[in-house]
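So you can see what is in the structure, the chains are spelled out below.
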Amino acid sequence: MTVIEGGKISAKQAGVLLFITIIPTAAVFLPSLVVLEARQDAWLAMLLATLGGLIFITLFNQLAKRFPQETIFQYATKILGKPLGKVFGLIFIFMLVQTNAIIIREFGEFMNTAVLTQTPLIVLIVTIVGMAAYTVGKGLEVIARMAGIIMFFMVGLALLALLLVFNEAHLVRLLPVFEYGLKPVIRGALGPMAWFSEGFVLTIIYPYVANQKRLFNSSLTGIGSIGVLLALGFMAMVSVFGAPEAGRLMFGNFSLVRIISVQGFLERLETIVIMAWVAGIYLKISLFYYWAVLGTAQYFGLGYYRPLILPMGVILATLSVTMFANITELIEHLTFLPYYFIPLYVVLPLLILVISLLSGKKGADL
Amino acid sequence: MNLKPIMGVLIVLMLFLVGGCWDRKEIDDVAIMVAIGVDKDTGKKFKVFTQVIRPGKVGQAGSEGSRGKKESGPESVWVAGTTGVTLSDAYRRLSVQSSRFFFAADNQVIIFGPTLAAEGIAPTMDFFTREYQQRRRVLILIAQDEVKDILKGNPNQENIPALEIREVAMRAYDFSRVDLVKINDLLYMLSTEGRDPVVPIIELRKDQQGFFIQSMGIFKGDRMAGKLTQAESRGYLWITGKAQRGSLAIKTPGDERNFVTLSITRAKSKIEPLIKEGEIFINITIDEEAELVEDLSANKLSPQRFKLLEQRQALVIKNEALAAIRKAQKVKADIFGFGEAVHRSYPKEWRKLKENWNDIFPNLKVNIKVITKLRRSGLTYDPLKVNKY
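In this text the structure is predicted, and so the values were computed from the model without any measurement. (Residues numbered from 1 in each chain as written. Chains lettered and ligands numbered in written order. Predicted model: local features only at pLDDT ≥ 70, side-chain atom pairs only at ≥ 80, totals over all residues. Heavy atoms only, no water.)

Q: Go over the overall build of chain A with me, naming the residues and quoting the values.
A: Looking only at helices and strands, chain A features 15 helices and two strands. A compact globule built from 366 residues would reach a C-alpha radius of gyration of about 21 Å, and chain A, at 20 Å, matches this within 12%. Each principal axis of the C-alpha distribution contributes one length, and for chain A these read about 60 × 45 × 35 Å. Taking all 366 residues of chain A together, 62% fall into the buried category. Summarising the internal contacts of chain A: among those between residues at least 6 apart in sequence, 84% fall at separations of at least 24. Per element, the accessible surface of chain A, about 14,100 Å² overall, is 70% carbon and sulfur. On chain A, the mean spot of the 23 positive side-chain charges and the mean spot of the 16 negative ones are 12 Å from each other. (Helix = DSSP H or I, 4+ residues; strand = E, 2+ residues; numbered from the N terminus. Rg over C-alpha atoms; globule rule 2.2 N^0.38 Å. Buried < 20%, exposed > 50% of the residue type's maximum accessible area, 1.4 Å probe, protein only. Contact = heavy atoms within 4.5 Å. Areas by Shrake-Rupley, 256 points an atom, 1.4 Å probe, with all protein chains shown as cover. Lys, Arg positive; Asp, Glu negative; His and termini not counted. Charge placed at Lys NZ, Arg CZ, Asp CG, Glu CD.)

Q: Give a detailed account of the interface of chain B and chain A, specifying residues and quantitative values.
A: Listed by partner, the interface residues are 31 residues for chain B and 36 residues for chain A. Contact between chain B and chain A buries roughly 3,000 Å² in total, counting both sides, with carbon and sulfur atoms accounting for 53%. The largest per-residue losses of area from chain B upon contact with chain A belong to Arg135, Arg137 and Arg344 of chain B, which jointly make up 22% of the total buried on that side. Taken together, chain B and chain A are joined by five salt bridges. Notably, a salt bridge pairs Arg268 of chain A with Asp106 of chain B, separated by 3.5 Å at the nearest N-O pair. (Buried area = accessible area lost by both parts, 1.4 Å probe. Salt bridge = Lys/Arg side-chain N within 4 Å of Asp/Glu carboxyl O.)

Q: So what about empty space enclosed by the protein? Which residues, and what values?
A: Residue and element names in this part refer to chain A. All told, the structure shown has four cavities of 30 Å³ or more when counted by the stated rule. Estimated volume of the largest cavity: approximately 470 Å³. In terms of lining residues, the largest cavity is bounded by 25 residues, among which Ala27, Ala158, Asn253, Val257 and Val273 are the most central. With seven residues, the single largest contributor to the lining of the largest cavity is helix α6 (residues 140-165). Along the lines of polarity and charge, the residues of the lining of the largest cavity split into 22 nonpolar, two polar and one charged. (1 Å grid on protein atoms, 1.4 Å probe; cavity = no way out; pocket = protein on both sides within 12 Å on 5 of 7 lines; lining within 4 Å. Points joined across faces, edges and corners; volume = space filled by probe spheres on them. Nonpolar A, V, L, I, M, F, W, Y, C, P; charged D, E, K, R; others polar.)

Q: Hey, could you go over the pattern of salt bridges for me, with residue numbers and the actual values?
A: Enumeration according to the criterion identifies 30 salt bridges over all chains in this entry. Of the charged contacts in the structure, one is a salt bridge between Lys284 of chain A and Glu198 of chain A, with a shortest N-O distance of 3.2 Å. Of this pair, Lys284 of chain A sits in helix α12 (residues 270-299) while Glu198 of chain A sits in the loop between α7 (183-196) and α8 (202-205); the two residues are 86 residues apart in sequence, bridging distant segments of the chain. Glu198 of chain A gets classed as buried once you look at its relative accessible area, which sits at 3%. The partner of Glu289 of chain B in a salt bridge is Arg266 of chain B, and the shortest N-O contact between them spans 3.3 Å. In this pair, Glu289 of chain B is assigned in strand β12 (residues 279-295) and Arg266 of chain B in strand β11 (residues 255-276), connecting sequence segments 23 residues apart. Judged by its relative accessible area of 11%, Glu289 of chain B is buried.

Q: Go over the layout of surface pockets, please, and point to the residues and values.
A: Of the volumes computed, that of the largest pocket is approximately 1,700 Å³. What lines the largest pocket is a set of 50 residues, among which His170 of chain A together with Tyr173, Lys182, Asp185 and Lys242 of chain B lie closest to the centre. Elements supplying a minimum of two residues to the lining of the largest pocket: α8 (161-174), α9 (183-191), α10 (230-240), β11 and α12 (338-345) of chain B. Looking at the lining of the largest pocket element by element, the count peaks at six residues for α8 of chain B. Here the second largest pocket defines a volume of roughly 1,400 Å³. What lines the second largest pocket is a set of 46 residues, among which Met111, Val115, Thr271, Ile274 and Met275 of chain A lie closest to the centre.

Q: Report on the sheet that holds strand β10 (residues 247-252) of chain B, specifying residues and quantitative values.
A: All names here are of chain B. With mixed pairing, the four strands of this open sheet are ordered in space as β10-β11-β12-β13. Unpaired on one side and paired on the other, β10 and β13 (365-374) mark the two borders of the sheet. Along the sheet, successive strands turn relative to each other by an average axial angle of 40°, direction set aside. Where β10 meets β11, six bridges bridge the pair, whose relative direction is antiparallel. Across the sheet, the residue bridging to Lys251 is Phe259, located in β11. Against the sheet, helix α11 (residues 303-330) touches β10, β11, β12 and β13, its axis set at about 150° to β13. Where α12 meets the sheet, its contacts fall on β11, β12 and β13, and the angle it forms with β11 comes to roughly 40°. (Pairing = 2+ DSSP bridges. Axes fitted to C-alpha atoms, helices over the stretch in contact; angles between N-to-C directions.)

Q: For unusual backbone geometry, give the residues involved together with the corresponding values.
A: The residue after Leu175 of chain A, namely Pro176 of chain A, is reached through a cis peptide bond having omega -10°. Assignment of secondary structure puts Pro176 of chain A in the loop between α6 and α7. The backbone of Arg39 of chain A sits at a positive phi, close to 50°, despite the residue not being glycine. Assignment of secondary structure puts Arg39 of chain A in the loop between α1 (11-38) and α2 (42-66). In this structure, Lys332 of chain B takes a positive phi of about 60° despite not being glycine.

Q: Describe the pairing of strand β1 (residues 30-40) of chain B, and please don't skip the residues or the numbers.
A: Residues and elements named next belong to chain B. Counting buried residues in β1 gives 10 out of 11 residues, a clear majority hidden from the surface. Here β1 pairs with strand β2 (residues 46-53) via seven bridges, running antiparallel. The residue bridging Gly37 from the neighbouring strand is Phe49, located in β2. Here β1 folds back onto β2, and the loop between the two strands holds five residues. Two elements, β1 and strand β5 (residues 109-112), share four bridges in a ladder whose sense is parallel. Along β5, the bridge assignment pairs Gly37 with Ile111.

The following block contains the structure:
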C-alpha cells in the first residue's frame with residue numbers, strides 16, 4: 001500500500017486541529033441559532049451540546065482505535081464489504097466537500113456583510129480557496145504547526161475580548177434560568193451538536209498521530225475548550241445585549257467585540273479580532289480541503305493526493321458560490337444542519353463501529 | 001538562487017491583501033459624520049440631518065486660543081438635511097449632495113426629534129443596527145424642539161458641536177442629572193419584557209448658554225409619553241442605582257431658612273419584588289453616601305446633627321424617587337424595570353402577569369427604604385460665625 005501522507009503529528013497538535021476544525025464558523029454563525037431557541041440559557045445549551053460533542057469524540061476514538069493505521073475511507077470497505085463500504089466512503093467525501101463549501105460561503109458572507117462590503121463575493125472565495133490549495137499542498141505537518149500558532153492568537157484574543165467586554169455586561173440578564181423548562185435548551189443545543197459532529201475528522205487524523213494513546217485526552221480537551229469558550233461568549237452576549245436583542249443579531253460575537261471600549265480610547269478591536277478569525281477560518285477551510293482530497297485519493301487507491309488539489313478547489317469554489325442565492329438561504333440551511341450532519345457524520349460511523357464490534361474485524365496495530 | 005519559495009510566499013500574501021482593495025477609503029474622500037438627527041415631517045416621511053466635519057476649518061478654530069468674535073461652531077461643521085421615505089433613503093439623498101462619501105463610524109450622537117418620539121422611534125432602530133458602519137455605543141438624545149436647531153447650535157468650548165453635546169451629556173450623567181442611553185441600552189429597554197425606555201432630552205437654551213441635558217423623556221413602548229423633570233430624573237437614577245455624584249441642597253433641620261449642600265459620593269440600589277398571597281410588592285433599597293460641602297446655617301457640627309442631616313437627606317431622596325415612580329405610573333410606563341425584576345424572580349407568575357402588566361404597574365405597591373451615610377465635612381468643621389457686636 002502506498003503511503004499518501006507521510007507526515008506525523010503529535011496528539012497535542014491533533015487536539016489543536018480539532019479545535020480549529022470546529023471553532024471558526026461556530027463562533028460567528030452559531031450564536032443567533034442558539035439564542036433564538038434557548039434565549040438567556042444559551043450558555044447552558046452550549047454546555048449541553050459540548051457534552052454531546054465529548055460523546056461523539058469518544059465514539060470516533062473507539063472506532064479509529066480499531067484500525068490505528070488506516071483512515072475511515074480505507075477500513076470502511078474492510079468492515080462493511082466492498083460495495084457498502086464504497087457507498088459510505090462516497091458519502092463521507094461528499095459530506096466533507098459540501099461542508100467545506102458551506103464554510104467557504106460562510107466566510108464570504110460574513111466578510112461581505114461586516115467587513116469588506118464592496119468586494120465581490122467570488123473574489124473573497126477564490127482568494128481563500130487559492131490560499132487553502134497552496135496550504136493543502138504543503139501537507140499535514142505544516143497545517144498542524146500553523147494551527148498551533150493561529151490557535152494561540154485566536155484563543156488569546158477571544159479571552160482578551162471576553163475580559164474587556166465585562167465592563168458592559170449585566171450578569172443579572174442571564175436570569176431566569178430554565179424559564180421555559182429544559183426543552184428550549186435541548187433545541188438550542190442541536191445547532192452546536194451539528195458543529196461538534198465535525199469531530200468526525202478524528203477518524204481521518206488518527207493514523208497520522210504519533211502518540212495515539214494520548215490522542216483521546218487531547219481531543220477531549222480540544223472539544224471541551226470550544227464548549228467553554230463559546231459558552232462564555234453566550235454569557236457575555238446575553239448579559240450585554242439581553243436575550244431578545246442577542247437573538248436578533250446576525251453575528252453575535254462580532255457585535256460583542258465591536259462594543260468593547262476601554263475608557264474611550266481602546267475601541268474598534270474588531271479589526272484585530274477579525275484578522276485572527278480570518279486566519280482561523282482559512283485554516284478550517286484548508287483542513288476540510290485537505291481531508292476531502294486525502295479521502296478521495298484513498299478512496300480511489302491513488303498514490304498521491306496533490307493532482308486532486310486543483311480540481312477539488314474548482315469544485316469547492318463553484319459549489320460555495322452556487323449553493324446559496326443569498327444569505328437567508330445560507331442561514332436557513334444552517335438551521336437545517338443538525339438533521340443531516342449528525343446522522344451522516346455520527347450515526348454512520350456508529351454503525352460502522354457496531355458492525356466492526358460484532359464481526360470482530362480489527363486492523364493491525366502500529 | 002532558488003526564488004520559488006519566496007515567490008510562493010509573496011503570492012499567498014498578495015492573495016491575502018488585494019481582496020480588500022474594493023473597500024479602500026481614502027481619508028480625503030470621506031466626510032466624517034459626527035451627529036445624526038432624525039425626525040418625522042407632517043407627512044409620513046423621515047427627516048434626516050447630519051452634522052459633518054469640515055476638515056479645513058476644525059484645526060484653525062482650535063489654534064486661535066481666545067476665539068473672540070469668531071464663532072467656531074457652525075464654521076467647523078456642515079449641517080445638511082433632507083427627507084425620505086426611509087432613513088437610508090434620506091441618508092442617500094444627503095450623500096448625493098455631498099462632495100465626499102459619508103462615513104458614519106465616528107458618529108457621536110443620534111438626536112431624535114419630538115414628532116418622531118411621539119410617533120415611535122422603533123422603526124429607526126433598524127437602520128442604526130443593520131447598517132454596518134453604525135456602532136452600538138452611540139449616544140441617543142431626544143430634542144426638546146427642532147433637531148436642526150440643536151445640530152446648528154454653537155458649542156461653548158469644543159470645536160465640534162457633536163463632541164460638546166456628547167461631553168455635556170456625560171457630565172450630566174456624572175452629576176446624576178440624566179442617564180446615558182446608548183443605542184445598545186435603548187434596544188435593551190425596547191426589547192425586554194417589563195421594561196420601558198427613558199432617553200435624555202436635549203434643549204438649546206435661548207439665553208445662549210449652550211446645550212442643556214437635564215431631563216429625560218419617558219417612553220411607553222417606543223413612543224414618548226411623558227417627561228421626567230430634573231428631580232424626577234434623579235429619582236429614576238436613585239431607583240436604578242445609576243446615581244453617581246452631584247449635590248443635594250437640603251434644608252437644615254431646625255433651621256429651615258438656610259440650606260446645607262451635600263455631595264453624593266456613591267449610591268447603589270436594589271429592586272426586590274415580592275409576591276405574597278397574590279399581591280405584588282416592590283421593595284427598593286437605596287444605599288447612599290455623601291459628604292458635607294457647604295453649610296449656610298450657623299449650627300455646630302456634631303454626630304447628632306450629622307444624624308439629622310442623614311435623615312433629612314434620606315427623606316429628600318425618597319421623595320425624588322417617589323416623584324419619579326408617580327410620574328411613570330401616571331403614563332403607565334415601567335421605566336424602572338419592575339416587571340423585569342418580577343420576571344427574574346417569579347418567571348412562572350410573570351407569564352400570567354405580563355398580559356396585564358399595563359394595568360398592574362400603575363397600582364403597584366412600592367416600598368422605598370433609603371439608607372444614607374454622611375461621612376466627611378470638608379476642610380472646616382463648624383460653619384463661620386460672624387462676630388457681631
